[in-house]
Amino acid sequence: MKRIEDHGVLGPQPGEPIRVWINGQAAQARSTDSVAVALGVNGHHVLRFSRTGQPRGVYCGIGHCFECRVTVDSEPGVRACLRRVEHDMHIDTESAAR
Amino acid sequence: MNTDVVVIGGGPAGLAAATTVARSAGAGVILVDEGAQPGGRLRSQLLRGDDGWVVGADVVDGLVREAEAVGVRILSGRQVWSFEPDWDVALDDGCTVRAPHVVVATGAAERPLPMPGWTLPGVMAVGAFQSLLNTHRVLPGERVAVVGMDPLALAIAEEIILAGGELVGVFLPAGLPGQSVLSEPRAVLQSFAQLSGFAPNPLLRSGARLLEHPLLATVVSAGIPRSGLRIAGMPLRLRQRVERIEGDDRVRAITVGNLDRRGRPRGTTERIRVDAVCLSGGLYPVQDLTARCALVDVPEVGGRVPLHGPDLRTPQRGLYVAGNVTGIEGAPVAQAQGALAGTAIAASMGAYRDPEARLREAEARVRLARASAPLSFLPAIEEGRSRLAELWRAHEAADRHGAQVGHGAQ
(Lines give C-alpha, C1' and ligand atoms only; values in the text may rest on other atoms or scores of the structure.)
Protein backbone atom coordinates (compact mmCIF):
# COMPACT_ATOMS: atom_id res chain seq x y z
CA MET A 1 0.00 0.00 0.00
CA LYS A 2 1.15 3.49 -0.80
CA ARG A 3 -0.09 6.84 0.51
CA ILE A 4 -1.76 9.17 -1.97
CA GLU A 5 0.07 12.38 -1.18
CA ASP A 6 -2.37 14.70 -2.89
CA HIS A 7 -5.71 13.23 -3.95
CA GLY A 8 -7.35 14.97 -6.91
CA VAL A 9 -10.67 15.47 -5.13
CA LEU A 10 -9.91 14.90 -1.45
CA GLY A 11 -6.64 16.80 -1.15
CA PRO A 12 -3.57 16.04 0.98
CA GLN A 13 -3.20 13.31 3.60
CA PRO A 14 -5.39 13.62 6.70
CA GLY A 15 -4.12 13.30 10.28
CA GLU A 16 -0.74 13.78 11.93
CA PRO A 17 2.32 11.52 11.93
CA ILE A 18 2.45 9.21 14.95
CA ARG A 19 4.57 6.28 16.09
CA VAL A 20 3.29 2.74 16.48
CA TRP A 21 5.04 -0.55 17.20
CA ILE A 22 4.57 -3.33 14.67
CA ASN A 23 5.81 -6.74 15.81
CA GLY A 24 8.12 -4.93 18.24
CA GLN A 25 9.60 -2.50 15.70
CA ALA A 26 8.91 1.23 15.73
CA ALA A 27 6.99 2.34 12.62
CA GLN A 28 5.39 5.51 11.35
CA ALA A 29 1.64 5.87 10.89
CA ARG A 30 -0.85 8.73 10.73
CA SER A 31 -3.35 9.49 13.46
CA THR A 32 -6.31 8.85 11.13
CA ASP A 33 -5.05 5.43 9.99
CA SER A 34 -6.85 2.22 10.73
CA VAL A 35 -4.59 -0.50 12.06
CA ALA A 36 -4.90 -2.17 8.63
CA VAL A 37 -3.57 0.93 6.89
CA ALA A 38 -0.69 1.36 9.35
CA LEU A 39 0.27 -2.25 8.65
CA GLY A 40 -0.16 -1.98 4.87
CA VAL A 41 1.89 1.17 4.34
CA ASN A 42 4.66 -0.41 6.41
CA GLY A 43 4.73 -3.43 4.12
CA HIS A 44 2.78 -5.90 6.26
CA HIS A 45 0.25 -7.57 3.99
CA VAL A 46 0.08 -10.99 5.63
CA LEU A 47 -1.80 -10.47 8.90
CA ARG A 48 -2.53 -14.06 9.84
CA PHE A 49 -2.66 -17.63 8.53
CA SER A 50 -5.59 -19.94 7.93
CA ARG A 51 -5.68 -23.28 9.72
CA THR A 52 -4.09 -24.86 6.67
CA GLY A 53 -1.32 -22.25 6.65
CA GLN A 54 -2.53 -19.98 3.86
CA PRO A 55 -1.68 -16.28 4.21
CA ARG A 56 -4.54 -13.88 4.91
CA GLY A 57 -4.84 -10.10 4.74
CA VAL A 58 -7.54 -7.45 4.66
CA TYR A 59 -10.47 -8.63 2.57
CA CYS A 60 -13.81 -6.87 3.15
CA GLY A 61 -12.54 -3.76 4.91
CA ILE A 62 -15.83 -3.14 6.72
CA GLY A 63 -15.64 -5.51 9.68
CA HIS A 64 -17.62 -8.36 8.22
CA CYS A 65 -15.19 -11.07 7.25
CA PHE A 66 -12.84 -11.11 10.26
CA GLU A 67 -9.88 -12.02 8.01
CA CYS A 68 -7.74 -9.12 9.29
CA ARG A 69 -7.60 -10.08 12.97
CA VAL A 70 -4.45 -8.93 14.76
CA THR A 71 -3.35 -8.39 18.36
CA VAL A 72 -3.51 -4.79 19.59
CA ASP A 73 -1.91 -3.90 22.93
CA SER A 74 -2.17 -7.57 23.94
CA GLU A 75 -5.87 -7.76 22.98
CA PRO A 76 -6.22 -10.63 20.48
CA GLY A 77 -8.74 -10.84 17.64
CA VAL A 78 -8.98 -7.11 16.88
CA ARG A 79 -10.26 -6.35 13.38
CA ALA A 80 -7.49 -4.25 11.84
CA CYS A 81 -9.89 -2.61 9.38
CA LEU A 82 -12.09 -1.11 12.11
CA ARG A 83 -9.68 -0.11 14.88
CA ARG A 84 -7.99 3.27 14.64
CA VAL A 85 -4.31 3.57 15.56
CA GLU A 86 -3.10 5.45 18.63
CA HIS A 87 0.30 6.79 19.54
CA ASP A 88 2.58 3.99 20.79
CA MET A 89 0.01 1.32 20.04
CA HIS A 90 1.53 -2.16 19.89
CA ILE A 91 0.29 -4.14 16.89
CA ASP A 92 1.24 -7.77 16.44
CA THR A 93 0.48 -9.94 13.42
CA GLU A 94 0.52 -13.70 13.38
CA SER A 95 3.30 -13.72 10.83
CA ALA A 96 5.65 -12.43 13.52
CA ALA A 97 5.16 -15.65 15.46
CA ARG A 98 6.48 -17.71 12.54
CA MET B 1 -29.20 1.69 30.97
CA ASN B 2 -32.61 3.01 29.84
CA THR B 3 -33.53 5.25 26.94
CA ASP B 4 -36.39 5.83 24.49
CA VAL B 5 -34.82 4.67 21.26
CA VAL B 6 -31.81 2.54 20.35
CA VAL B 7 -30.56 2.90 16.79
CA ILE B 8 -28.29 0.12 15.53
CA GLY B 9 -26.00 1.33 12.76
CA GLY B 10 -24.54 4.79 12.20
CA GLY B 11 -24.80 5.16 8.44
CA PRO B 12 -27.09 7.72 6.79
CA ALA B 13 -30.22 5.73 7.72
CA GLY B 14 -29.34 5.35 11.39
CA LEU B 15 -28.13 8.93 11.79
CA ALA B 16 -31.27 10.36 10.15
CA ALA B 17 -33.56 8.15 12.24
CA ALA B 18 -31.80 9.19 15.45
CA THR B 19 -31.84 12.90 14.65
CA THR B 20 -35.48 12.92 13.53
CA VAL B 21 -36.89 11.18 16.59
CA ALA B 22 -34.70 13.15 19.00
CA ARG B 23 -35.68 16.44 17.43
CA SER B 24 -39.39 15.74 16.90
CA ALA B 25 -40.21 13.88 20.09
CA GLY B 26 -37.43 15.09 22.37
CA ALA B 27 -36.65 11.41 22.75
CA GLY B 28 -33.53 10.03 24.38
CA VAL B 29 -31.60 8.24 21.64
CA ILE B 30 -28.56 5.98 21.81
CA LEU B 31 -26.95 5.12 18.49
CA VAL B 32 -24.55 2.17 18.41
CA ASP B 33 -22.05 1.79 15.58
CA GLU B 34 -19.13 -0.59 15.21
CA GLY B 35 -16.98 1.72 13.09
CA ALA B 36 -14.26 3.87 14.62
CA GLN B 37 -16.31 6.85 13.42
CA PRO B 38 -20.02 6.97 12.54
CA GLY B 39 -21.07 7.31 8.91
CA GLY B 40 -21.12 3.75 7.61
CA ARG B 41 -20.18 3.22 4.00
CA LEU B 42 -21.12 6.77 3.03
CA ARG B 43 -17.99 8.01 4.79
CA SER B 44 -15.84 6.31 2.15
CA GLN B 45 -17.90 7.15 -0.90
CA LEU B 46 -17.44 9.72 -3.60
CA LEU B 47 -20.71 10.51 -5.32
CA ARG B 48 -21.16 12.13 -8.69
CA GLY B 49 -23.21 15.27 -8.26
CA ASP B 50 -24.46 17.66 -10.90
CA ASP B 51 -21.56 20.00 -10.18
CA GLY B 52 -18.73 17.53 -9.71
CA TRP B 53 -17.88 15.20 -6.85
CA VAL B 54 -19.81 15.03 -3.62
CA VAL B 55 -17.59 13.81 -0.78
CA GLY B 56 -19.47 11.29 1.38
CA ALA B 57 -17.41 12.16 4.45
CA ASP B 58 -18.62 15.79 4.29
CA VAL B 59 -22.26 14.66 4.11
CA VAL B 60 -21.71 12.30 7.03
CA ASP B 61 -19.98 14.90 9.17
CA GLY B 62 -23.03 17.14 8.67
CA LEU B 63 -25.38 14.33 9.74
CA VAL B 64 -23.28 13.61 12.83
CA ARG B 65 -23.29 17.29 13.84
CA GLU B 66 -27.08 17.41 13.48
CA ALA B 67 -27.48 14.28 15.58
CA GLU B 68 -25.21 15.56 18.32
CA ALA B 69 -26.94 18.97 18.30
CA VAL B 70 -30.24 17.32 19.27
CA GLY B 71 -28.65 15.20 21.98
CA VAL B 72 -28.20 11.82 20.27
CA ARG B 73 -25.62 9.80 22.14
CA ILE B 74 -23.34 8.02 19.65
CA LEU B 75 -21.43 4.95 20.82
CA SER B 76 -18.70 4.31 18.22
CA GLY B 77 -16.52 1.23 18.01
CA ARG B 78 -19.23 -0.76 19.77
CA GLN B 79 -21.23 -3.76 18.64
CA VAL B 80 -24.75 -4.94 19.31
CA TRP B 81 -24.66 -8.67 19.86
CA SER B 82 -28.40 -9.31 20.14
CA PHE B 83 -31.71 -7.82 21.18
CA GLU B 84 -34.99 -9.21 22.37
CA PRO B 85 -38.52 -7.87 23.02
CA ASP B 86 -39.30 -5.37 23.94
CA TRP B 87 -36.47 -4.29 23.92
CA ASP B 88 -33.27 -5.28 25.62
CA VAL B 89 -30.27 -4.53 23.43
CA ALA B 90 -27.11 -6.39 24.44
CA LEU B 91 -23.82 -4.64 23.70
CA ASP B 92 -20.36 -6.15 23.32
CA ASP B 93 -19.20 -5.22 26.82
CA GLY B 94 -22.02 -7.16 28.46
CA CYS B 95 -24.01 -3.97 29.03
CA THR B 96 -27.73 -3.98 28.15
CA VAL B 97 -29.69 -0.95 26.97
CA ARG B 98 -33.46 -1.06 27.54
CA ALA B 99 -35.74 0.97 25.24
CA PRO B 100 -39.31 0.68 23.92
CA HIS B 101 -38.13 1.41 20.36
CA VAL B 102 -35.34 -0.05 18.24
CA VAL B 103 -34.30 0.94 14.73
CA VAL B 104 -32.23 -1.64 12.86
CA ALA B 105 -30.09 0.13 10.26
CA THR B 106 -27.31 -2.39 9.74
CA GLY B 107 -26.91 -1.73 6.04
CA ALA B 108 -25.47 -4.02 3.42
CA ALA B 109 -22.44 -6.23 2.91
CA GLU B 110 -20.80 -7.58 -0.21
CA ARG B 111 -21.48 -10.94 -1.73
CA PRO B 112 -18.23 -12.84 -2.00
CA LEU B 113 -16.93 -13.64 -5.47
CA PRO B 114 -14.86 -16.74 -4.81
CA MET B 115 -12.41 -18.00 -7.42
CA PRO B 116 -9.05 -19.71 -7.17
CA GLY B 117 -6.64 -17.43 -5.31
CA TRP B 118 -9.25 -15.04 -3.94
CA THR B 119 -7.98 -15.31 -0.36
CA LEU B 120 -4.49 -14.02 -1.19
CA PRO B 121 -3.48 -10.82 0.61
CA GLY B 122 -4.02 -7.92 -1.81
CA VAL B 123 -7.34 -9.30 -3.05
CA MET B 124 -10.11 -7.18 -1.53
CA ALA B 125 -13.76 -6.34 -1.86
CA VAL B 126 -15.02 -2.96 -3.09
CA GLY B 127 -15.71 -1.74 0.46
CA ALA B 128 -12.08 -2.21 1.42
CA PHE B 129 -10.94 -0.33 -1.67
CA GLN B 130 -13.35 2.52 -0.90
CA SER B 131 -12.04 2.86 2.65
CA LEU B 132 -8.40 2.68 1.59
CA LEU B 133 -8.71 5.10 -1.32
CA ASN B 134 -11.22 7.64 -0.11
CA THR B 135 -10.98 7.62 3.68
CA HIS B 136 -7.36 6.70 4.32
CA ARG B 137 -5.99 8.00 1.00
CA VAL B 138 -3.93 4.90 0.39
CA LEU B 139 -3.48 3.05 -2.91
CA PRO B 140 -4.08 -0.67 -2.34
CA GLY B 141 -1.68 -1.44 -5.20
CA GLU B 142 0.11 0.13 -8.14
CA ARG B 143 -1.40 -2.13 -10.83
CA VAL B 144 -4.98 -3.03 -10.08
CA ALA B 145 -7.56 -5.29 -11.72
CA VAL B 146 -11.26 -4.96 -10.92
CA VAL B 147 -13.26 -8.18 -11.32
CA GLY B 148 -17.03 -8.11 -11.73
CA MET B 149 -18.96 -5.65 -13.88
CA ASP B 150 -21.71 -3.79 -12.05
CA PRO B 151 -22.30 -0.15 -11.00
CA LEU B 152 -20.14 -0.53 -7.90
CA ALA B 153 -17.26 -1.97 -9.95
CA LEU B 154 -17.41 0.94 -12.40
CA ALA B 155 -17.47 3.42 -9.53
CA ILE B 156 -14.43 1.94 -7.80
CA ALA B 157 -12.59 1.69 -11.13
CA GLU B 158 -13.05 5.41 -11.60
CA GLU B 159 -11.94 6.09 -8.02
CA ILE B 160 -8.75 4.03 -8.52
CA ILE B 161 -7.83 6.19 -11.51
CA LEU B 162 -8.79 9.36 -9.64
CA ALA B 163 -6.39 8.36 -6.84
CA GLY B 164 -3.53 7.87 -9.30
CA GLY B 165 -3.57 4.08 -9.47
CA GLU B 166 -2.98 2.14 -12.67
CA LEU B 167 -6.13 0.27 -13.63
CA VAL B 168 -5.26 -2.65 -15.90
CA GLY B 169 -8.93 -3.19 -16.57
CA VAL B 170 -12.38 -4.15 -15.38
CA PHE B 171 -12.82 -7.85 -16.06
CA LEU B 172 -15.59 -10.39 -16.00
CA PRO B 173 -15.15 -13.36 -13.70
CA ALA B 174 -14.99 -16.75 -15.42
CA GLY B 175 -17.95 -17.66 -13.23
CA LEU B 176 -18.70 -20.79 -11.27
CA PRO B 177 -21.88 -22.86 -11.49
CA GLY B 178 -24.67 -21.10 -9.62
CA GLN B 179 -22.82 -17.82 -9.08
CA SER B 180 -25.20 -14.93 -9.49
CA VAL B 181 -22.52 -12.62 -10.87
CA LEU B 182 -22.71 -11.99 -14.59
CA SER B 183 -19.92 -13.54 -16.63
CA GLU B 184 -21.32 -13.20 -20.17
CA PRO B 185 -20.18 -10.04 -22.01
CA ARG B 186 -23.51 -9.37 -23.67
CA ALA B 187 -25.52 -9.96 -20.51
CA VAL B 188 -23.35 -7.33 -18.83
CA LEU B 189 -23.84 -4.79 -21.60
CA GLN B 190 -27.58 -5.34 -21.49
CA SER B 191 -27.66 -4.92 -17.72
CA PHE B 192 -25.81 -1.61 -18.04
CA ALA B 193 -28.26 -0.44 -20.69
CA GLN B 194 -31.18 -1.35 -18.38
CA LEU B 195 -29.68 0.34 -15.36
CA SER B 196 -28.85 3.51 -17.19
CA GLY B 197 -32.30 3.70 -18.72
CA PHE B 198 -33.75 3.31 -15.27
CA ALA B 199 -31.66 5.81 -13.34
CA PRO B 200 -29.73 8.64 -14.93
CA ASN B 201 -26.38 8.07 -13.28
CA PRO B 202 -23.94 10.28 -15.18
CA LEU B 203 -21.35 7.54 -15.33
CA LEU B 204 -23.73 4.99 -16.77
CA ARG B 205 -25.62 7.54 -18.79
CA SER B 206 -22.50 8.42 -20.72
CA GLY B 207 -22.00 4.72 -21.25
CA ALA B 208 -25.58 4.27 -22.31
CA ARG B 209 -25.24 6.87 -25.01
CA LEU B 210 -22.44 4.81 -26.42
CA LEU B 211 -24.19 1.54 -25.85
CA GLU B 212 -27.73 2.19 -26.85
CA HIS B 213 -27.11 2.56 -30.53
CA PRO B 214 -23.83 2.16 -32.34
CA LEU B 215 -21.76 0.12 -29.92
CA LEU B 216 -24.37 -2.30 -28.69
CA ALA B 217 -25.51 -2.75 -32.27
CA THR B 218 -21.90 -3.32 -33.34
CA VAL B 219 -21.40 -5.81 -30.56
CA VAL B 220 -24.49 -7.69 -31.63
CA SER B 221 -23.70 -7.70 -35.36
CA ALA B 222 -19.90 -7.68 -35.61
CA GLY B 223 -18.99 -8.94 -32.15
CA ILE B 224 -16.95 -7.53 -29.28
CA PRO B 225 -13.83 -5.53 -30.22
CA ARG B 226 -10.57 -7.20 -29.23
CA SER B 227 -9.65 -4.51 -26.73
CA GLY B 228 -13.10 -4.52 -25.16
CA LEU B 229 -15.08 -1.32 -24.66
CA ARG B 230 -14.54 1.90 -22.81
CA ILE B 231 -17.41 3.27 -20.75
CA ALA B 232 -16.74 6.75 -19.36
CA GLY B 233 -13.03 6.07 -19.64
CA MET B 234 -13.15 2.71 -17.85
CA PRO B 235 -11.55 -0.08 -19.85
CA LEU B 236 -14.04 -2.95 -19.83
CA ARG B 237 -12.04 -6.02 -20.89
CA LEU B 238 -14.96 -7.91 -22.33
CA ARG B 239 -12.81 -10.39 -24.26
CA GLN B 240 -10.97 -11.69 -21.18
CA ARG B 241 -12.41 -13.39 -18.13
CA VAL B 242 -10.50 -13.89 -14.90
CA GLU B 243 -10.04 -17.61 -14.24
CA ARG B 244 -7.72 -17.42 -11.25
CA ILE B 245 -5.67 -15.12 -9.09
CA GLU B 246 -2.03 -16.04 -8.45
CA GLY B 247 0.61 -15.17 -5.91
CA ASP B 248 2.75 -16.41 -3.04
CA ASP B 249 2.44 -14.41 0.16
CA ARG B 250 0.40 -11.86 -1.80
CA VAL B 251 -1.25 -11.38 -5.16
CA ARG B 252 1.14 -11.18 -8.13
CA ALA B 253 -0.99 -11.81 -11.23
CA ILE B 254 -4.33 -12.79 -12.70
CA THR B 255 -4.79 -15.44 -15.36
CA VAL B 256 -7.47 -14.57 -17.86
CA GLY B 257 -9.17 -16.79 -20.41
CA ASN B 258 -9.56 -15.22 -23.83
CA LEU B 259 -12.99 -15.01 -25.47
CA ASP B 260 -13.81 -14.73 -29.15
CA ARG B 261 -15.79 -11.83 -30.61
CA ARG B 262 -19.03 -13.64 -29.78
CA GLY B 263 -18.06 -14.08 -26.14
CA ARG B 264 -17.17 -17.78 -26.38
CA PRO B 265 -14.03 -19.14 -24.70
CA ARG B 266 -11.16 -19.61 -27.18
CA GLY B 267 -9.29 -22.01 -24.94
CA THR B 268 -6.23 -19.76 -24.58
CA THR B 269 -5.10 -17.87 -21.49
CA GLU B 270 -2.92 -14.92 -20.66
CA ARG B 271 -1.17 -13.91 -17.45
CA ILE B 272 -1.42 -10.27 -16.41
CA ARG B 273 0.83 -8.90 -13.68
CA VAL B 274 -1.04 -7.02 -10.91
CA ASP B 275 -0.38 -6.27 -7.25
CA ALA B 276 -3.96 -5.77 -6.10
CA VAL B 277 -7.34 -7.13 -7.16
CA CYS B 278 -10.76 -5.68 -6.34
CA LEU B 279 -13.65 -8.17 -6.37
CA SER B 280 -17.18 -6.88 -6.92
CA GLY B 281 -19.85 -9.50 -6.24
CA GLY B 282 -22.75 -7.14 -5.49
CA LEU B 283 -24.44 -6.19 -2.21
CA TYR B 284 -26.90 -7.95 0.08
CA PRO B 285 -28.89 -6.63 3.06
CA VAL B 286 -27.25 -7.60 6.36
CA GLN B 287 -29.63 -9.64 8.54
CA ASP B 288 -27.15 -10.59 11.28
CA LEU B 289 -29.45 -9.12 13.93
CA THR B 290 -32.87 -9.73 12.40
CA ALA B 291 -32.79 -13.51 12.12
CA ARG B 292 -35.84 -13.73 14.39
CA CYS B 293 -37.85 -11.14 12.46
CA ALA B 294 -40.28 -12.26 9.78
CA LEU B 295 -37.95 -12.23 6.75
CA VAL B 296 -39.20 -12.26 3.18
CA ASP B 297 -37.11 -13.13 0.13
CA VAL B 298 -37.44 -10.48 -2.57
CA PRO B 299 -34.56 -10.83 -5.08
CA GLU B 300 -35.48 -7.49 -6.71
CA VAL B 301 -34.35 -5.65 -3.56
CA GLY B 302 -31.26 -7.82 -3.07
CA GLY B 303 -32.43 -10.83 -1.06
CA ARG B 304 -34.01 -11.48 2.31
CA VAL B 305 -35.29 -8.46 4.20
CA PRO B 306 -37.52 -7.98 7.26
CA LEU B 307 -41.24 -7.71 6.50
CA HIS B 308 -42.07 -4.03 7.00
CA GLY B 309 -44.84 -1.51 6.49
CA PRO B 310 -44.84 1.73 4.51
CA ASP B 311 -43.65 3.59 7.63
CA LEU B 312 -40.86 1.00 8.18
CA ARG B 313 -42.47 -0.66 11.19
CA THR B 314 -42.11 -4.43 11.51
CA PRO B 315 -44.76 -6.80 12.92
CA GLN B 316 -42.99 -6.61 16.29
CA ARG B 317 -44.09 -3.66 18.37
CA GLY B 318 -41.51 -0.89 18.59
CA LEU B 319 -39.13 -2.50 16.10
CA TYR B 320 -38.34 -0.50 12.96
CA VAL B 321 -35.97 -0.97 10.03
CA ALA B 322 -34.34 1.59 7.72
CA GLY B 323 -31.73 1.76 5.00
CA ASN B 324 -30.11 -1.09 3.11
CA VAL B 325 -31.27 -3.69 5.63
CA THR B 326 -34.62 -3.24 3.77
CA GLY B 327 -33.08 -3.48 0.26
CA ILE B 328 -30.09 -2.26 -1.72
CA GLU B 329 -30.26 1.43 -2.64
CA GLY B 330 -28.03 4.48 -2.43
CA ALA B 331 -27.28 6.74 0.53
CA PRO B 332 -29.94 9.41 -0.23
CA VAL B 333 -32.69 6.78 -0.11
CA ALA B 334 -31.27 5.31 3.10
CA GLN B 335 -31.20 8.75 4.69
CA ALA B 336 -34.82 9.44 3.71
CA GLN B 337 -35.82 6.05 5.09
CA GLY B 338 -34.10 6.85 8.36
CA ALA B 339 -36.03 10.12 8.63
CA LEU B 340 -39.23 8.18 7.92
CA ALA B 341 -38.56 5.61 10.65
CA GLY B 342 -37.75 8.44 13.06
CA THR B 343 -40.99 10.21 12.11
CA ALA B 344 -42.97 6.99 12.61
CA ILE B 345 -41.56 6.48 16.09
CA ALA B 346 -42.11 10.14 17.00
CA ALA B 347 -45.72 9.77 15.79
CA SER B 348 -46.21 6.68 17.97
CA MET B 349 -44.90 8.72 20.92
CA GLY B 350 -47.54 11.38 20.29
CA ALA B 351 -45.08 14.02 19.14
CA TYR B 352 -47.22 15.45 16.31
CA ARG B 353 -50.63 17.09 16.13
CA ASP B 354 -50.88 15.87 12.52
CA PRO B 355 -49.06 12.52 12.50
CA GLU B 356 -50.70 11.24 9.31
CA ALA B 357 -49.58 14.28 7.32
CA ARG B 358 -46.04 13.99 8.73
CA LEU B 359 -45.83 10.35 7.78
CA ARG B 360 -47.15 10.93 4.28
CA GLU B 361 -44.60 13.71 3.81
CA ALA B 362 -41.73 11.51 5.02
CA GLU B 363 -42.88 8.66 2.76
CA ALA B 364 -43.01 11.06 -0.19
CA ARG B 365 -39.40 12.05 0.52
CA VAL B 366 -38.31 8.42 0.26
CA ARG B 367 -40.07 8.09 -3.10
CA LEU B 368 -38.48 11.32 -4.31
CA ALA B 369 -35.01 10.18 -3.24
CA ARG B 370 -35.59 6.91 -5.08
CA ALA B 371 -36.83 8.61 -8.23
CA SER B 372 -33.85 10.96 -8.35
CA ALA B 373 -31.22 8.41 -7.29
CA PRO B 374 -27.91 9.11 -9.03
CA LEU B 375 -27.01 5.42 -9.00
CA SER B 376 -29.29 2.42 -9.15
CA PHE B 377 -27.82 -0.88 -8.01
CA LEU B 378 -30.68 -3.17 -8.95
CA PRO B 379 -32.68 -2.72 -12.14
CA ALA B 380 -36.06 -3.83 -10.71
CA ILE B 381 -35.95 -2.04 -7.35
CA GLU B 382 -39.35 -0.35 -7.89
CA GLU B 383 -41.01 -3.71 -8.55
CA GLY B 384 -39.29 -5.09 -5.47
CA ARG B 385 -40.61 -2.24 -3.31
CA SER B 386 -44.14 -2.83 -4.67
CA ARG B 387 -43.83 -6.50 -3.87
CA LEU B 388 -42.79 -5.66 -0.28
CA ALA B 389 -45.81 -3.37 0.06
CA GLU B 390 -48.10 -6.18 -1.14
CA LEU B 391 -46.56 -8.61 1.34
CA TRP B 392 -47.22 -6.10 4.15
CA ARG B 393 -50.86 -5.64 3.09
CA ALA B 394 -51.28 -9.43 3.04
CA HIS B 395 -49.75 -9.62 6.50
CA GLU B 396 -52.11 -6.95 7.83
CA ALA B 397 -55.14 -8.62 6.23
CA ALA B 398 -54.17 -11.97 7.79
CA ASP B 399 -53.69 -10.20 11.11
CA ARG B 400 -57.19 -8.67 10.97
CA HIS B 401 -58.64 -12.04 9.98
CA GLY B 402 -56.83 -13.64 12.91
CA ALA B 403 -58.22 -11.01 15.28
CA GLN B 404 -61.79 -11.61 14.04
CA VAL B 405 -61.42 -15.37 14.43
CA GLY B 406 -60.10 -14.73 17.93
CA HIS B 407 -63.19 -12.65 18.84
CA GLY B 408 -65.53 -15.31 17.43
CA ALA B 409 -63.95 -17.97 19.59
CA GLN B 410 -64.57 -15.88 22.69
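Residues numbered from 1 in each chain as written. Chains lettered and ligands numbered in written order. Predicted model: local features only at pLDDT ≥ 70, side-chain atom pairs only at ≥ 80, totals over all residues. Heavy atoms only, no water.

A.B. asks: Just to check I follow, could you spell out the sheet that holds strand 2 (residues 29-33) of chain B for this structure?
C.D. replies: In a beta sheet, neighbouring strands pair by backbone hydrogen bonds and run either parallel or antiparallel. Residue and element names in this part refer to chain B. Strand order in the open sheet formed by five strands is 5-2-1-9-23, and the pairing between neighbours is parallel. In the strand order of this sheet, the two ends are held by strand 5 (73-76) and strand 23 (319-321), each with one partner. The mean angle between the axes of side-by-side strands here comes to 20°, regardless of whether they run parallel or antiparallel. The pairing of strand 1 (residues 5-8) with strand 9 (residues 101-104) spans four bridges and is classified as parallel. Looking at the pairing, Val5 lines up with His101 of strand 9. Seen against the sheet, helix 1 (residues 12-25) touches strand 1, strand 2, strand 5 and strand 9 and runs at an angle of roughly 170° to strand 2. Its contacts with the sheet place helix 7 (residues 331-348) against strand 1, strand 9 and strand 23, and it is angled at close to 160° to strand 23. (Pairing = 2+ DSSP bridges. Helix = DSSP H or I, 4+ residues; strand = E, 2+ residues; numbered from the N terminus. Axes fitted to C-alpha atoms, helices over the stretch in contact; angles between N-to-C directions. Contact = heavy atoms within 4.5 Å.)

A.B. asks: Quick question: what am I supposed to make of the side chain of B:His308 here?
C.D. replies: All names here are of chain B. Inspection of the secondary structure assignment puts His308 in the loop between strand 22 (303-306) and strand 23. Within polar-contact distance, the side chain of His308 engages the backbone oxygen of Pro306 at 2.8 Å. Beyond its immediate sequence surroundings of up to four residues, His308 is in contact with Arg313, Val321, Thr326, Arg385, Leu388 and Trp392. (Polar contact = N/O pair within 3.5 Å; in protein donor to acceptor, adjacent residues only side chain to side chain.)

A.B. asks: Sorry, what's going on with the pairing of strand 22 of chain B here?
C.D. replies: For a regular strand, side chains alternate in direction, first toward one face of the sheet and then toward the other. All names here are of chain B. Sheet topology places strand 21 (residues 295-298) next to strand 22; four bridges connect them, and they run antiparallel. Residue Val296 lies in a different strand from strand 22, and its bridge partner there is Val305. What sits between the antiparallel neighbours strand 21 and strand 22 is a turn of four residues, in which Gly302 has the positive phi angle 115°.

A.B. asks: It is not clear to me how the sheet that holds strand 9 (residues 75-79) of chain A should be interpreted in this structure. Could you clarify?
C.D. replies: Residues and elements named next belong to chain A. In space, the five strands of this open sheet follow the order 5-4-10-8-9, with mixed pairing throughout. Looking along the sheet, the strands with just one partner apiece sit at the ends: strand 5 (25-30) and strand 9. Between one strand and the next, the sheet's axes are offset by a mean angle of 40°, whatever the strand orientation. Alignment of strand 4 (residues 17-22) against strand 10 (residues 90-92), held across two bridges, turns out to be parallel.

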